[in-house]
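The primary structure of each chain is shown beneath.
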Amino acid sequence: MFKTLTTLIRGHGHDAAQAVADTNAVTILRQQLRDAAQGLESARRSVSVVMAYCEREKKAAARIAQQLDDLEGRAIAALRMDREDLATEAAAAIAQLEAERTTTERAIETYGAEIARLREEVGLAEGRLRTLQRGLQLADATAKSQKLRGTVPQGVLASLKEAEATLDRLQERQAHAEAAAAAVAELSAGTSAEATSARLAAAGCGAPLRPDAAAVLERLRGRVN
């Protein structure tokens, strides 16, 4: 029983910690990216330090090469002058410089390989950091939009829906009233025109609107003949 209670307490603690982490995920991610950016900046400084060491060794190699050229020329001149002692001294110095040159060349190779490796690692890290930063921006925007979704109360939405229904009914009634008024106006205009035409025809102005009995009888006589 004690073990079960301990497990339950640990489970609640884990759930609480996970809930806090989920609630503050954007803040946590932002801080993690700041930490990563600081570490990346340290890595860049490390690359620059190694590059400075490499440049120092290259300058040493150039100095050694210049000294070797100078000593070899002087050693040859000593041999031509039969100054074996000076030639021997020069040869010893040349041997020492050649050893230093070998060490310097190995150091340059080592630094070069290390610089290439560090640059590759920094480049990959920079790409991953940029991807995470874009993801953070998207997550931040999504979190803000999700918060805004709950800012409009349900009562407001219900009122808006009712107002839309009222507006639809009002527009429908107005449209019906306008159509009725137009029909009445058209009917009135037609009735007035017909009445005027009938009065004019009765007064002998123009052809009659309706045939009369005399006209019909005259038409029938014409068919008999």
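Undergrad: Looking at this model, I keep getting lost on the overall build of the protein chain. Mind explaining?
TA: Within the protein chain one finds five helices and zero strands. Secondary structure elements in the protein chain, listed N-terminal to C-terminal, are α-α-α-α-α. Across the 225 residues in the protein chain, those meeting the buried criterion constitute 12%. Once local pairs closer than 6 in sequence are excluded, the contacts in the protein chain between residues at least 24 apart make up 77%. Accessible area of the protein chain: about 17,800 Å², with a carbon and sulfur share of 59%.

Undergrad: Help me understand the confidence of the model for the protein chain in this model?
TA: Detailed reading of the predicted coordinates is not advisable wherever pLDDT is low. When the pLDDT values of the protein chain are averaged, the result is 78; 67% of them are 70 or greater. Summarising per-element confidence for the protein chain, the mean pLDDT is lowest in helix H1 (residues 2-23) (54) and highest in helix H2 (residues 25-80) (90).

Undergrad: How should I be thinking about H2 in this particular structure?
TA: Given 3.6 residues per helical turn, the α-helix brings residues three or four places apart onto the same face. Under the 1.5 Å per step criterion, the end-to-end length of H2 is 82 Å for 56 residues, consistent within 8% with the ideal 82 Å. Buried within H2 are the following residues: Leu33, Leu40, Val47, Val50, Cys54, Glu57, Ala60, Ala61, Ile64, Leu68, Ala75 and Ala78.

Undergrad: I keep staring at the side chain of Thr104 and nothing clicks. Help me out?
TA: Within the element layout of this structure, Thr104 appears in helix H3 (residues 84-149). For Thr104, a relative accessible area of 6% corresponds to the buried category. Within the structure, the side chain of Thr104 is placed 2.8 Å from the backbone oxygen of Glu100, a separation counted as a polar contact.

Undergrad: Can you help me understand the environment of Leu97 in this one?
TA: Turning to its location among the elements, Leu97 is positioned in helix H3. Sequence-distant contacts of Leu97, defined by excluding residues within four places in its chain, comprise Ile64, Gln67, Leu68 and Leu71.

Undergrad: Help me understand the nonpolar core in this model?
TA: Considering soluble globular proteins, one finds that nonpolar side chains tend to be buried as a cluster. Among the nonpolar cores identified, the biggest contains twelve residues, and these are Leu33, Leu40, Val47, Val50, Cys54, Ala61, Ile108, Ile115, Leu118, Val122, Leu129 and Leu136. Listed by contribution, the elements that provide at least two residues to this core are H2 and H3. Membership of the second largest hydrophobic core comes to six residues, among which are Leu68, Ala75, Ile94 and Leu97.

Undergrad: Before we go on, may I ask you to explain unusual backbone geometry in this structure?
TA: In most cases, non-glycine residues show a negative phi, while peptide bonds are predominantly trans. One non-glycine residue, Asp82, adopts positive backbone phi at about 60°. The topology assignment puts Asp82 in the loop between H2 and H3. In this structure Asp82 comes out as exposed when scored by relative accessible area, which is 67%.

Undergrad: Looking at this structure, how should I read the pattern of salt bridges?
TA: Pairing between side chains of opposite charge can happen when their charged atoms approach one another. By the definition in use, this model includes nine salt bridges. The closest approach of N and O atoms between Asp85 and Arg83, which form a salt bridge, is 3.1 Å. Note on Asp85: relative accessible area 45%, which makes it partly exposed. Salt bridges here are not isolated pairs; linked through shared partners, they connect Glu41, Arg44 and Glu126.

Undergrad: Whenever I open this one, the environment of Ala62 confuses me. Can you help?
TA: Mapping Ala62 onto the fold places it in helix H2. Note: C-alpha distance between Ala62 and Arg101 (39 residues apart in sequence) is 9.2 Å.

Criteria and thresholds
Residues numbered from 1 in each chain as written. Predicted model: local features only at pLDDT ≥ 70, side-chain atom pairs only at ≥ 80, totals over all residues. Heavy atoms only, no water. Helix = DSSP H or I, 4+ residues; strand = E, 2+ residues; numbered from the N terminus. Buried < 20%, exposed > 50% of the residue type's maximum accessible area, 1.4 Å probe, protein only. Contact = heavy atoms within 4.5 Å. Areas by Shrake-Rupley, 256 points an atom, 1.4 Å probe, with all protein chains shown as cover. pLDDT = per-residue confidence, 0-100. Expected span 1.5 Å × (residues − 1). Polar contact = N/O pair within 3.5 Å; in protein donor to acceptor, adjacent residues only side chain to side chain. Core = buried A, V, L, I, M, F, W, Y, C linked by side-chain atoms within 4.5 Å. Salt bridge = Lys/Arg side-chain N within 4 Å of Asp/Glu carboxyl O.

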